[in-house]
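# Remarks on the overall topology
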Amino acid sequence: MSSVTRTPGVPIDVTSLTKHFGSVVAVDDLSFSVAPGRVTGFLGPNGAGKTTTLRCLLGLVAPTSGDATIGGRTYLDTGTPMRVVGSALEASGFHPGRNARNHLRVLARMGGVDERRADETLALVGLTESARRTVGGFSLGMRQRLQLAAALLGDPGVLVLDEPANGLDPEGIAWLRAFLRHLASEGRTVLVSSHVLSEVEQTVDDVVIIAEGRLVRACPLSDLTDHGRRLVVRTPQADALVAAVRADAPSATFTTTDDGALEIGQVEAAVVGRAALRAQAELHELRPATSDLEQVFLALTSGASS
Amino acid sequence: MSADTLTPASTSAGPRPALVRAEFLKIVSTKMWIGLLVGVLIFVAIQVLATAFAPRTGDAANQLPPLTTDIGLRNLFGGVGQATVFALIIGALGITQEFRHQTITSTFLAAPHRSRVMVAKMLAHVLVGALYGVAAVVGGFAIAFAALAVKDHAPVDYTVVAQIGLGVVLAYALYAVLGVAVGTLVRNQIAALVGLIVWAVFVEALLILLLPKVGKWLPGGAVEGIKQVAGFNQNADYLAPLPASLLLIAWAVVFAAIASVTTLRRDVT
């Protein structure tokens, strides 16, 4: 059905990537890999260096040192890049007076892709009805879909999407989620950047978290969930409980919250309950701390700046 | 013709037909080129009509030569070359719009060999510029011949008319390229347009008039050489059409070369 044959998903490798803009270090010795067949979230607060990293990967920005490759080759060396990697960058615009279909036809011609793909990709992202409308009248959500259509023109095995959920309504985000899952299930490499973890936490398999240009964490999303597992405990006999828990679980961590509760990390609830019984500590509350990934994310990324 | 097969990476430096077709589609898929074409036609019509029907009063030195002279006829037909500034504008817009609307990012993503993109863009603008030139010549000559039907005039030398026509088409084509090259250097759309218009309409026109020895080496002077039209400047010593054409090409190449070692090497952020 498609006018082009899909290229296989290949890994993305970023190795010791560093980029200085004048005296500003935008990316600082960053290394990570992105695997095919999975959706990887590329996360970090605004200004963390995500876009610069992606622009280095896509040959738009020359790295100061290090490199970023797609299937072992730089963007320029892929020969027909649109066939290998499709990308949608945030600060990549449209001429407001050009219609959606012509926008894609221009890109198809430039990328050496059959122009029929313009109509095919418009259908894929649900913009067939608006194909001949000028982009100036498009909503932000429609522009995001058009960006996605452009990324899919060459039916590439690798997709690099910068903040694709920006401007989408909840329905659009649900659609994007299913769409990205589908693309990964076809064996493609999907790298999606976002500054809000909650936006992509139901979509991604892996996360690469950066802050201030440096890697904070690269792991499966599930590891991040475990990392954040903490218990909230209220007891009048806090000291006795801490001693008892520590005896059973030496790696447990303890913090006291502002409202007087005790937060215990790296330990199961059953261990705390058993310790409380032994220490005869009265338990007023024992529950998992709200597993809010966003807070984990914030803690991780703000930790890098201290 | 269609580039739907997976073409291997090529190392040859020649122009890419698919890239030229893409750049051409960029131009004709928005309405700007039509507006500027209308501008060319209006400008040329006014110029030719004014030359044909200018009142002849006062000091002879301040008058255009009459149509009963060969030089007067050259001025009449050469009037079709007076709207080259529109070719500069379409060329400058062709690249500065990409910076303004940030389409330059998707352009370089689709075609990362930036110099090939620039070559293709210039070739596409040669076509559009030549189209403007043909429109100016066809429309302007029609008005000129209509005017000659009702005015006394010297016998028309059709070789000269043909030479002016061809030269004018070449001038529009090369001015569009010059616009692309300058736009690539300047990048800011407003700055490029204002700069080019002020230069072409005022600064260069004055230099050609007041300092003809310098002026004949400028792009505008080269255009006058191509047309061999004197205008008010009856003692002008322009280059002959062929060297003038080569000079205009050289200007475009120089700007393109400067642009290719500056803007095209910059990070696209």
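All values reported here derive from a predicted model rather than from experimental measurement.

Parameters and conventions
Residues numbered from 1 in each chain as written. Chains lettered and ligands numbered in written order. Predicted model: local features only at pLDDT ≥ 70, side-chain atom pairs only at ≥ 80, totals over all residues. Heavy atoms only, no water. Helix = DSSP H or I, 4+ residues; strand = E, 2+ residues; numbered from the N terminus. Buried < 20%, exposed > 50% of the residue type's maximum accessible area, 1.4 Å probe, protein only. Contact = heavy atoms within 4.5 Å. Polar contact = N/O pair within 3.5 Å; in protein donor to acceptor, adjacent residues only side chain to side chain. Phe/Tyr/Trp six-rings, centres within 6.5 Å; stacked < 30°, edge-to-face > 60°. Pairing = 2+ DSSP bridges. Axes fitted to C-alpha atoms, helices over the stretch in contact; angles between N-to-C directions. Buried area = accessible area lost by both parts, 1.4 Å probe. Salt bridge = Lys/Arg side-chain N within 4 Å of Asp/Glu carboxyl O.

To continue, consider the overall build of chain B. Assigned secondary structure in chain B consists of 11 helices and zero strands. Element order for chain B, N to C, with α for helix and β for strand: α-α-α-α-α-α-α-α-α-α-α. Going through the 269 residues of chain B one by one, you find that 52% of them count as buried. A fraction of 79% describes how many contacts in chain B between residues 6 or more apart in sequence connect residues 24 or more apart.

Another aspect to go through is the environment of A:Thr51. Residue and element names in this part refer to chain A. The topology assignment puts Thr51 in helix H1 (residues 50-57). Here the alpha-carbon distance between Thr51 and Leu161, two residues 110 residues apart in the chain, equals 10.0 Å. Engagement of the side chain of Thr51 in a polar contact is seen with the side chain of Asp162, the distance being 3.2 Å.

Moving on, we get to the packing of aromatic side chains. Residues and elements named next belong to chain B. For the coordinates displayed, the defined rule picks out seven aromatic pairs over all chains. For the ring pair Phe43 and Phe86, a centre distance of 5.3 Å and an interplane angle of 75° mean the geometry is edge-to-face. Of this pair, Phe43 sits in helix H2 (residues 32-53) while Phe86 sits in helix H4 (residues 84-100); the two residues are 43 residues apart in sequence, bridging distant segments of the chain. Overall, Phe86 belongs to the buried group, its relative accessible area being 14%.

Moving on to the sheet that holds strand E4 (residues 65-70) of chain A. Strand pairing in a sheet relies on backbone hydrogen bonds. The paired strands run either parallel or antiparallel. Residues and elements named next belong to chain A. Taken in spatial order, the three strands make up an open sheet running E2-E1-E4, and their pairing is antiparallel. The sheet is open, and its two edges are formed by strand E2 (24-34) and E4, each paired on a single side. The mean inter-strand angle of the sheet, taken between neighbouring strand axes irrespective of direction, is 20°. Packed onto the sheet, H1 meets strand E1 (12-21), E2 and E4 and runs at close to 115° relative to E1.

What follows covers the interface of chain A and chain B. Each side of the interface is counted separately: chain A has 38 residues, and chain B has 33 residues. Summing both partners gives a buried area of about 3000 Å² for chain A against chain B, and 60% of it is carried by carbon and sulfur. For chain A, the biggest contributors to the area lost against chain B are A:Leu60, A:Arg109 and A:Met110; these three give 24% of the whole. Linking chain A to chain B there are two salt bridges. Between B:Asp267 and A:Lys19 there is a salt bridge; the shortest N-O distance is 2.7 Å. Taken together, the links from chain A to chain B amount to 13 residue pairs in polar contact (both at pLDDT 80 or more).

Looking now at the side chain of A:Thr40. Take A:Thr40: it is sitting in strand E3 (residues 39-43). Looking at A:Thr40, the relative accessible area reads 2%, which means it is buried.

Attention now moves to the pattern of salt bridges. If you walk through the whole model with that rule in mind, you get 21 salt bridges over all chains. We note a salt bridge from A:Arg181 to A:Asp205, for which the minimum N-O separation is 3.2 Å. In this pair, A:Arg181 sits in helix H6 (residues 170-185) while A:Asp205 sits in the loop between helix H7 (197-200) and strand E8 (206-211), placing the two residues 24 residues apart along the sequence. The partner of B:Lys26 in a salt bridge is B:Glu23, with the nearest N and O atoms 2.9 Å apart. Within this pair, B:Lys26 and its partner B:Glu23 are both found in helix H1 (residues 17-28), separated by three residues, close to a single helical turn. Like B:Glu23, B:Lys26 is buried. Salt bridges sharing partners connect three or more residues here, namely A:Arg105, A:Arg109, A:Glu115 and B:Arg21.

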